[in-house]
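So the chains spell out like this:
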Amino acid sequence: MTTIRVQCLSEQEIQAVHEASLAILHDTGVRVPHGETLDLLADAGARVDRMREIAYLPEDLVMECIGRAAKEYVLYGRCADPAKECTARFGRRGLGSDDLVLMSTPGQYAWVDWETGRRREPTTQDLHDAIRLGDALPHVTIVGAMAIVTDVPVEYRDVFLTAELVKGTVKPTRCFVADGRTARYVLEIYRTVAGGDKALRARPMVEAFFEPISPLQWPRDGLDVLAEFVRAGQPASFGPMAMTSGTAPGTLAGTLAQENAEVLSGIVVTQLLAPGTPVTYGGIPHVMDPRTSICSFGSPEQALMGMAMVQIARFYGFPVYVNVGITDAKVPDAQAGMEKGASMVLGVLAGANTFGHAGICGTDHGGSLPWLLIDNELMAYVKRIARGFEVNADTLATEVVHAGGPGGNYLAEEHTVRHFRHEIWIPGPMWMRDTWDGWESGGRTSMGERAASEVRRILAAHEPEPMDEALAQEVDRIVESARRELG
């Protein structure tokens with residue numbers, strides 16, 4: 001089997017980034033506006049400046065916590081039938097594995113209407129459509145809410161989103177969790193679905209996804225959420241969005257060093273809160289576009305730093321989440337194809353596990369169902385590249401060539417029939433491989449138009465496996481409790 005690997009850092013360069021990050025953590029420190037967390041860090045040997053709320057982390061503490069963290073885990077959906085079970089697996093993988101995790105975005109504050117192409121506020125109907133589509137798409141592993149709906153009060157919105165997710169799909173789920181108070185209700189929903197606290201610890205259903213604020217700051221509410229989740233036995237994932245020349249140095253190497261320091265600081269906090277907690281290392285730095293000052297999702301530097309972050313995470317032994325397969329384009333055009341395809345291929349071939357956030361238009365300009373469908377197809381395409389191909393006596397096919405001879409063809413050969421379905425990726429209806437006349441008679445459609453048509457077909461046809469009615473009522477009761485207490 002062919003093995004395709006891409007790297008952009010040497011071992012010496014990875015070591016240099018590691019040492020620079022340790023120096024940042026020791027000499028510059030991280031801002032932690034949270035008294036309990038500062039106490040934990042101080043008790044573990046960190047030097048803490050209480051007035052400035054900055055913790056300085058010594059190398060031995062950082063390395064001890066890296067070693068303590070678990071580096072493999074599984075997230076489970078709600079289906080208990082092993083034959084239908086949907087899981088997301090995180091750990092060290094070999095290229096060619098099907099254990100690549102694609103996650104639809106946990107939430108966007110705007111929505112690109114797939115019928116009109118116009119941007120508007122997301123609604124609960126958009127949420128339900130996003131869950132239904134995510135449940136149907138075979139390469140979407142974790143279903144995110146996609147829509148941060150505006151028709152539900154913000155005080156308990158993430159509790160409502162979680163409830164609709166677990167009722168609407170059998171796959172693992174995720175939405176953004178606002179603070180410690182809502183986190184408790186969110187976790188209560190997952191405990192209820194899992195069958196209790198012990199069951200949820202044995203079969204985790206959700207990660208604590210945490211984004212430090214670059215440069216080198218932790219949000220207080222985020223620390224509350226992290227504490228609730230990891231103490232409930234759920235894994236953690238860290239993904240700071242350090243932005244080259246904006247919230248990180250103007251060099252890619254400097255951005256990597258700072259980003260790595262931010263991730264490592266999260267790993268330290270997690271292991272002090274709950275030793276042994278499994279962790280995914282999220283390397284999702286970006287660059288600031290010098291002309292517009294807007295964060296870029298589709299730059300070539302995005303792909304370079306994605307590859308580098310995979311190598312750095314592997315240096316520590318962690319599974320890796322990277323922001324690749326995304327674009328600055330607002331419509332599915334040539335720019336989108338170049339940016340998405342190039343960065344996704346490089347991220348997969350570098351060895352990343354997890355990819356997201358699928359279904360976003362542009363630089364977090366809104367959620368979009370056709371974009372989610374396109375991202376699903378891109379993952380299918382790239383999985384085929386990652387799988388490679390075998391070279392052996394059977395696949396070299398010299399006897400078949402000899403039997404066919406000069407001027408022959410292989411269409412009806414038993415060897416062809418036996419191999420072509422595995423060797424050749426067969427795309428779905430969204431892809432165009434027709435003749436010019438076939439394309440023209442079919443309406444001269446673009447990929448964006450075909451994606452919208454396919455979204456319409458899937459939403460009309462797909463019915464997610466329903467949740468048991470009594471269990472659904474219990475989930476709704478938790479949402480109602482959150483509404484009364486928080487709203």
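Going by the structure above, here's the rest.
Residues numbered from 1 in each chain as written. Predicted model: local features only at pLDDT ≥ 70, side-chain atom pairs only at ≥ 80, totals over all residues. Heavy atoms only, no water.

Student: What is the right way to read the sheet that holds strand 11 (residues 208–210) from this model?
Tutor: Judged by pairing direction, the sheet is parallel, and its six strands sit side by side in the order 6-18-17-14-12-11 without closing on themselves. Unpaired on one side and paired on the other, strand 6 (101–104) and strand 11 mark the two borders of the sheet. Mean inter-strand twist for the sheet, computed between neighbouring axes without regard to direction, equals 20 degrees. With three bridges connecting them, strand 12 (residues 236–238) and strand 14 (residues 279–283) associate as parallel partners. Within the sheet, the bridge partner assigned to Ala 236 lies in strand 14 and is Val 279. Against the sheet, helix 9 (residues 252–273) touches strand 12 and strand 14, its axis set at about 160 degrees to strand 14. (Pairing = 2+ DSSP bridges. Helix = DSSP H or I, 4+ residues; strand = E, 2+ residues; numbered from the N terminus. Axes fitted to C-alpha atoms, helices over the stretch in contact; angles between N-to-C directions. Contact = heavy atoms within 4.5 Å.)

Student: Looking at this structure, how should I read the pairing of strand 6?
Tutor: Note on strand geometry: in a regular strand, side chains alternate between the two faces of the sheet. Along strand 6, one buried face is formed by Val 101 and Met 103 and the opposite face, lined by Leu 102 and Ser 104, is buried too. One ladder, built from three bridges, connects strand 6 with strand 18 (residues 354–358); its direction is parallel. In the strand pairing of strand 18, Val 101 is matched with Thr 354. (Buried < 20%, exposed > 50% of the residue type's maximum accessible area, 1.4 Å probe, protein only.)

Student: What am I meant to see in the pattern of salt bridges here?
Tutor: Pairing between side chains of opposite charge can happen when their charged atoms approach one another. The full count for this structure, using the stated rule, is 24 salt bridges. The partner of Glu 164 in a salt bridge is Lys 167, with the nearest N and O atoms 3.1 Å apart. A residue pair is termed a helical-turn pair when its members lie 3 or 4 positions apart in one helix, as Glu 164 and Lys 167 do in helix 5 (residues 157–168) at three residues. With a shortest N-O distance of 3.1 Å, Arg 418 and Asp 394 are connected by a salt bridge. Residue Arg 418 is located in helix 15 (residues 414–423), and its partner Asp 394 is located in helix 13 (residues 393–396); the two are separated by 24 residues in the primary sequence. (Salt bridge = Lys/Arg side-chain N within 4 Å of Asp/Glu carboxyl O.)

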